[in-house]
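So the chains spell out like this:
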Amino acid sequence: MKIFFLFTFSTFFWSPFEQAAASVHYDKILTHSRIRARDQGQNVCALQQVMGTKKKYFSTCRNWYQGAICGKKATVLYECCPGYMKMDGMRGCPAVAPIDHVYGTLGIVGATSTQHYSDISKLRGELEGRGSFTFFAPSSEAWEQLNSEIHRNLIDNVNIELYSALHHHMVNKRMLTKDLKNGMTLVSMYNDQKLLINHYPNGVVTVNCARVIYGNQIATNGVVHVIDRVLTAVGNTIQDFIEVEDDLSSLRAAAITSDVLDILGKPGHYTLFAPTNEAFERLPRGLLERIMGDKVASEALVKFHILNTLQCSEAITGGAAYETLEGNTVEVGCDGESLTVNGVKMVKRKDIVTSNGVIHLIDEVLIPDSAKQVTELGGAQQTTFTDLMIQLGLASSLRPEGQYTLLVPLNGAFSDDTLRMDQRRLKTILQNHIINVKVGLNELYNGQELETIGGKLLRVFLYRTAVCIENSCMVRGSKEGRNGFIHILRQIINPAEKTLHEMLRNDKRFSVFLSLVKAADLDDVLSQPGKWTLFVPTNDAFKGLTDDDKDILIRDKNALRNILLYHLTQGVFIGSGFEPGVTNILKTIQGGKLYLKTVNDTLLINELKSRESDLMATNGVIHVIDKLLYPADLPVGNDQLLTILKKLIKYIQIKFVRGSAFKEIPLTFYKINIIESNVQPIIRKEDPSITQLTKLIEGEPEFKIVREGETITKVIHGGPEIKYTRITAGGSDNEEKLKKLLEDEVTKVTKFIEGDGHLLEDEEIKRLLQGAGTEYTKVTKVIEGEPQIIEREIKKVHLEEAPVRKEQPTRRTQGGTARRRTRLAYP
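Here the structure is a predicted model, which means the values were calculated and not measured. (Residues numbered from 1 in each chain as written. Predicted model: local features only at pLDDT ≥ 70, side-chain atom pairs only at ≥ 80, totals over all residues. Heavy atoms only, no water.)

How should I be thinking about the confidence of the model for the protein in this particular structure?
Parts of the model with low pLDDT should not have their predicted coordinates read in detail. Averaged over every residue, the pLDDT of the protein is 82; residues scoring 70 or more account for 78%. Contacts from residues 1-23, a stretch scored under 50 in pLDDT, to residues over four places away or in other chains number 8 contacts. Confidence drops under pLDDT 50 across residues 771-827; counting only partners more than four residues distant or on other chains, this segment forms 183 contacts. (pLDDT = per-residue confidence, 0-100. Contact = heavy atoms within 4.5 Å.)

What's the story with the environment of isoleucine 585 in this structure? I'm lost.
Counting through the fold element by element, isoleucine 585 comes out in strand 31 (residues 584-587). Between the C-alpha atom of isoleucine 585 and that of isoleucine 605, which follows or precedes it by 20 residues, the distance is 9.9 Å. Every residue in contact with isoleucine 585, bar those within four places of it in the chain, is listed here: Lys593, Leu594 and Tyr595. (Helix = DSSP H or I, 4+ residues; strand = E, 2+ residues; numbered from the N terminus.)

Just checking my understanding: could you explain the packing of helix 22 (residues 547-555) against helix 23 (residues 557-565) for this structure?
A packed helix pair is summarised by two numbers, namely the angle formed by the two axes and the spacing between the axes. Helix 23 packs onto helix 22 with a crossing angle of 95° between their chain directions and a minimal axis gap of 5 Å. Taken together, the axes of helix 22 and helix 23 lie roughly perpendicular to each other. Facing Leu553, Ile554 and Arg555 of helix 22, the residues of helix 23 in contact are Lys557, Leu560 and Ile563. Residues of the contact of helix 22 with helix 23, tallied by class, amount to 4 nonpolar, no polar and 2 charged. (Axes fitted to C-alpha atoms, helices over the stretch in contact; angles between N-to-C directions. Parallel < 35°, antiparallel > 145°, perpendicular 65-115°, else oblique. Nonpolar A, V, L, I, M, F, W, Y, C, P; charged D, E, K, R; others polar.)

Would you explain the sheet that holds strand 4 (residues 72-80) in this entry?
Either a parallel or an antiparallel arrangement is found when strands of a sheet pair, and the pairing is made through backbone hydrogen bonds. On the basis of which strands lie adjacent, the open sheet formed by 4 strands has the order 2-1-4-3 and antiparallel pairing. The open sheet has two edge strands with one neighbour each: strand 2 (56-57) and strand 3 (68-69). Judged from the 2 bridges that link them, strand 3 and strand 4 form a sheet pairing that is antiparallel. Note on strand 4: the bridge partner recorded for alanine 68 is lysine 73. Set on the sheet, helix 2 (residues 25-36) makes contact with strand 1 (44-50) and strand 4; between it and strand 1 the angle comes to about 100°. (Pairing = 2+ DSSP bridges.)

How should I be thinking about the packing of helix 5 (residues 112-120) against helix 9 (residues 158-167) in this particular structure?
It is at 9 Å that the axes of helix 5 and helix 9 come closest, and there the two elements cross at 135°. With respect to helix 9, the axis of helix 5 lies oblique. Where helix 5 crosses over helix 9, the two elements pack in a sense that is left-handed. Residues Thr114, Tyr117, Ser118 and Ile120 of helix 5 lie in contact with helix 9, whose contacting residues are Val158, Asn159, Leu162 and Leu166. Among the residues making up the contact of helix 5 with helix 9, the classes are represented as 5 nonpolar, 3 polar and no charged. (Left-handed = near helix turned anticlockwise from the far one by under 90°.)

In this structure, what is going on with the packing of aromatic side chains? I would like to understand it.
The description of an aromatic ring pair rests on the distance of the ring centres and on the angle between the ring planes. All chains considered together, the criterion is met by 4 aromatic pairs. With centroids separated by 6.4 Å and ring planes inclined at 85°, the aromatic side chains of tyrosine 26 and phenylalanine 58 adopt a geometry described as edge-to-face. In this pair, tyrosine 26 is assigned in helix 2 and phenylalanine 58 in the loop between strand 2 and helix 3 (61-66), connecting sequence segments 32 residues apart. You'll find tyrosine 26 and phenylalanine 58 in the same group, each marked buried. Ring-pair connections join several aromatic residues into one group, and the members of that group are Tyr463, Phe573 and Phe578. Arginine 211 extends its terminal NZ or CZ atom over the ring of tyrosine 57, reaching a point 4.0 Å from the ring centre. (Phe/Tyr/Trp six-rings, centres within 6.5 Å; stacked < 30°, edge-to-face > 60°. Buried < 20%, exposed > 50% of the residue type's maximum accessible area, 1.4 Å probe, protein only. Lys NZ or Arg CZ within 6 Å of the ring centre and 35° of its normal.)

Please clarify how the sheet that holds strand 10 (residues 194-199) should be interpreted in this entry.
Strands sit in the order 8-7-13-12-11-10-9 across an open sheet of 7 strands; the sheet is mixed. Whereas interior strands pair on both sides, the edge strands pair on one side only; in this sheet they are strand 8 (170-171) and strand 9 (185-187). Relative to strand 13 (residues 222-227), strand 7 (residues 133-138) runs parallel, the two being bridged by 6 bridges. Each residue of the ladder has a partner; that of phenylalanine 135, found in strand 13, is valine 224.

Would you mind going over the pattern of salt bridges with me for this structure?
Note that side chains of opposite charge can pair when their charged atoms are close. Under the defined criterion, the tally for this structure stands at 35 salt bridges. A salt bridge links lysine 345 to aspartate 335; the shortest N-O distance between them is 3.5 Å. In this pair, lysine 345 sits in strand 19 (residues 344-345) while aspartate 335 sits in strand 17 (residues 329-335), placing the two residues 10 residues apart along the sequence. A salt bridge links lysine 597 to glutamate 607; its shortest N-O distance comes to 3.9 Å. Of this pair, lysine 597 sits in strand 32 (residues 593-599) while glutamate 607 sits in the loop between strand 33 (602-605) and strand 34 (608-617); the two residues are 10 residues apart in sequence, bridging distant segments of the chain. Take glutamate 607: its relative accessible area is 56%, and that puts it in the exposed class. Here the salt bridges do not stand alone but share partners, grouping Lys55, Arg211, Asp228, Arg229, Glu314, Glu337 and Asp351 into one network. (Salt bridge = Lys/Arg side-chain N within 4 Å of Asp/Glu carboxyl O.)

Please explain the state of the cysteines as it appears in this structure.
Note on terminology: a disulfide is the covalent bond linking the sulfur atoms of two cysteines. The tally for this structure, following the rule as stated, stands at 5 disulfides. The partner cysteine of cysteine 209 in its disulfide is cysteine 312, sulfur to sulfur 2.0 Å. Disulfide cysteine 209-cysteine 312: torsion about the S-S bond near -70°, hence left-handed. Pair noted here: cysteine 209 is in the loop between strand 11 (205-207) and strand 12 (210-219) and cysteine 312 is in the loop between strand 15 (306-307) and strand 16 (320-323), with a separation of 103 residues, a long-range link. One exposure class covers both cysteine 209 and cysteine 312, and it is buried. Two residues, cysteine 468 and cysteine 473, share a disulfide whose sulfurs are 1.9 Å apart. In this structure, the disulfide formed by cysteine 468 and cysteine 473 twists by about 85° around the S-S bond and is classed as right-handed. Cysteine 473 matches cysteine 468 in its accessibility class, with the two residues each being buried. (Disulfide = S-S within 2.5 Å.)

Honestly, the pairing of strand 12 in this entry has me stumped. Any pointers?
Side-chain positions along a regular strand alternate between the two faces of the sheet. In terms of residue burial, strand 12 counts as a mostly covered element, since 7 of its 10 residues are buried. Strand direction decides the pairing type here: strand 11 and strand 12, joined by 2 bridges, are antiparallel. Looking at the pairing, valine 207 lines up with alanine 210 of strand 12. For strand 12 and strand 13, the ladder comprises 5 bridges, and the chain directions are antiparallel. From the neighbouring strand, isoleucine 218 faces strand 13, where its bridge partner is valine 223. Joining the antiparallel neighbours strand 12 and strand 13 is a turn of 2 residues.

Quick question: what am I supposed to make of the environment of aspartate 540 here?
Within the element layout of this structure, aspartate 540 appears in the loop between strand 29 (532-537) and helix 22. Look at aspartate 540 and you get partly exposed, because its relative accessible area is 48%. A C-alpha to C-alpha distance of 9.6 Å links aspartate 540 and leucine 648, two positions 108 residues apart in sequence.

Dropping the structure here:
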């Protein structure tokens with residue numbers, strides 16, 4: 001019995017859905033209406049009626065649950081579904097409506113005015129006779145809404161005009177709603193006039209934009225569909241209408257200029273939102289002239305008013321986005337009886353039906369982003385930036401034919417203090433938000449550098465759900481204009497000026513932390529190029545730390561490095577780049593993990609609030625905290641150290657495991673290349689004007705006087721390269737003397753890199769070196785190793801723990817002692 005019940009229930013429950021899936025939209029919506037009204041009895045359908053009107057709809061789920069249609073509150077009605085009727089004393093609609101010929105069916109469905117006009121126009125006999133017809137019958141309300149002059153002319157000439165008008169509503173075969181396909185064209189029984197059928201996903205079916213309000217009433221010789229308006233003949237194309245309509249002369253001129261008018265004369269199913277002359281007159285004169293003078297912009301403008309689908313007003317029961325011929329979308333909706341475009345009531349006259357589409361007259365010109373200058377793309381939330389651009393003369397400096405990208409902060413990003421700045425400083429800030437190249441959102445990548453018109457390089461950081469430029473992350477709303485892109489940012493961009501080390505050194509809040517960094521020999525890490533995120537405790541985090549405590553920390557370098565490097569992670573992580581409310585796990589250089597998330601625009605690190613986030617450095621970013629961080633899973637094995645850490649860290653329980661020791665963290669997580677060379681000075685007493693030219697890898701050449709025993713230390717960037725010393729002097733005579741001098745006294749330079757040696761590539765030097773004596777200088781490259789401490793002294797360079805190959809003793813030449821030059825090169 002249970003099995004039978006389940007089978008019966010599932011058959012009842014699923015059958016309507018299976019039928020709906022096999023049918024088209026109207027029938028599907030009707031099926032849902034039956035389901036909503038099943039508690040009311042058999043064959044009852046639920047409808048929504050817009051309050052204050054007679055408009056009724058079999059509703060979509062969206063309208064039903066909103067309880068509104070076109071933004072207006074709708075009440076629920078329960079009526080017999082099409083084809084059924086009530087019986088006295090019985091619940092629901094248990095009886096099938098009687099089947100009659102088409103003329104009789106007009107009375108059954110309540111189209112009494114159409115029935116009456118069929119009678120007086122002598123059409124009745126045809127409707128009662130043999131055949132198979134489809135009659136799109138106007139309701140009685142539709143006849144009342146018909147233009148009074150047209151209505152009077154029909155009644156005055158019933159035998160010809162009225163008869164022809166009714167024939168225009170008929171098709172010489174039976175067509176149910178399931179047969180009425182979207183985009184279909186039927187031929188009426190009057191002069192083969194076209195009837196344009198549209199069948200929309202929301203279940204609305206229209207014929208020449210008249211809505212079927214009661215469909216599928218079967219007759220013995222056809223079917224009757226009740227519609228909400230009287231149909232008029234359709235003959236012209238959209239192009240024909242524009243060419244003869246005086247109120248569209250401005251649109252006509254724009255369409256001709258842009259070569260779009262001909263498109264509207266071709267077969268299709270278009271919707272044109274046609275701006276009137278008055279709409280064009282309201283545009284700023286300069287704006288209209290610029291667009292009309294630019295064929296690309298004018299074409300975009302006209303195409304932005306055209307949809308490649310036919311959207312009748314009666315089919316619009318809520319807002320939806322539709323793609324235009326220009327490529328972007330417009331939001332078409334309704335507000336009561338009015339159509340809206342992009343949320344604005346602007347339709348003056350709707351549903352002008354043509355043979356290839358429909359026209360709605362509007363009183364505003366729609367300007368697409370693609371026809372705007374980049375400075376015109378800003379919305380209501382970016383007016384502060386765009387106003388400042390105009391006031392400071394930056395807007396006028398952007399040429400219409402140029403290519404730009406504007407990084408526009410929201411209005412709220414500009415504080416009162418910022419707006420009160422000196423105008424020159426404010427102009428510099430704005431210049432740092434203008435890129436002299438067109439860069440779309442999908443062209444940005446992590447690590448990319450963008451050069452502003454102010455000469456600053458801005459770094460791009462890409463995260464899982466965010467794109468950030470320096471300290472500021474983007475919000476939705478990027479747009480492409482005629483001469484550039486605009487990207488919307490949360491904050492004003494602050495380009496980095498200093499390294500992490502320089503920022504710590506210049507801020508007294510971080511003096512204790514910086515002193516510990518120095519004691520741990522980590523200065524170079526924060527000074528050299530890189531991509532780091534540093535969580536910096538203020539001095540408040542070290543309250544209670546005595547000098548003795550500090551000495552104990554410093555003496556245990558492994559412990560100190562473990563603590564400090566737990567505050568450093570590789571990669572630049574902007575606070576607002578994290579997905580809100582989601583925990584992000586970062587691995588620190590120490591090896592432990594940090595747990596970060598943003599809550600209410602506040603960055604939390606291990607649940608500790610960052611007091612100030614996103615301080616940008618040239619080699620990373622700083623997030624300020626007021627507590628010392630410590631890995632919860634890292635045990636302490638020293639009583640003294642445990643006591644010190646408990647003074648500083650109270651938000652977690654520190655583990656104590658007697659005898660445990662902190663691991664040694666070698667400073668190999670960043671790389672240093674050392675290039676060391678000894679060059680013998682050549683001193684010519686007779687010509688003191690001789691100078692030494694040192695060739696550098698980067699920067700301008702620098703000139704120095706060679707002094708005996710002088711030590712020079714240079715920091716250079718890039719891979720291993722040969723550095724050599726060339727002697728120059730002014731005048732050709734001096735050059736000849738120097739060549740002779742080189743042949744007699746030059747030091748041979750050999751390059752050894754990982755065991756492979758070869759001479760310098762410079763042909764002139766190579767020739768001279770080949771004839772030199774046995775004296776030489778070795779150049780050694782160290783790929784990785786501990787960072788080197790270099791002390792600059794006269795006649796001495798001391799490298800502490802430097803894994804550099806053993807140097808051969810350097811011989812002296814006549815004329816002076818050897819001069820050693822040491823260079824640090826960073827990859």
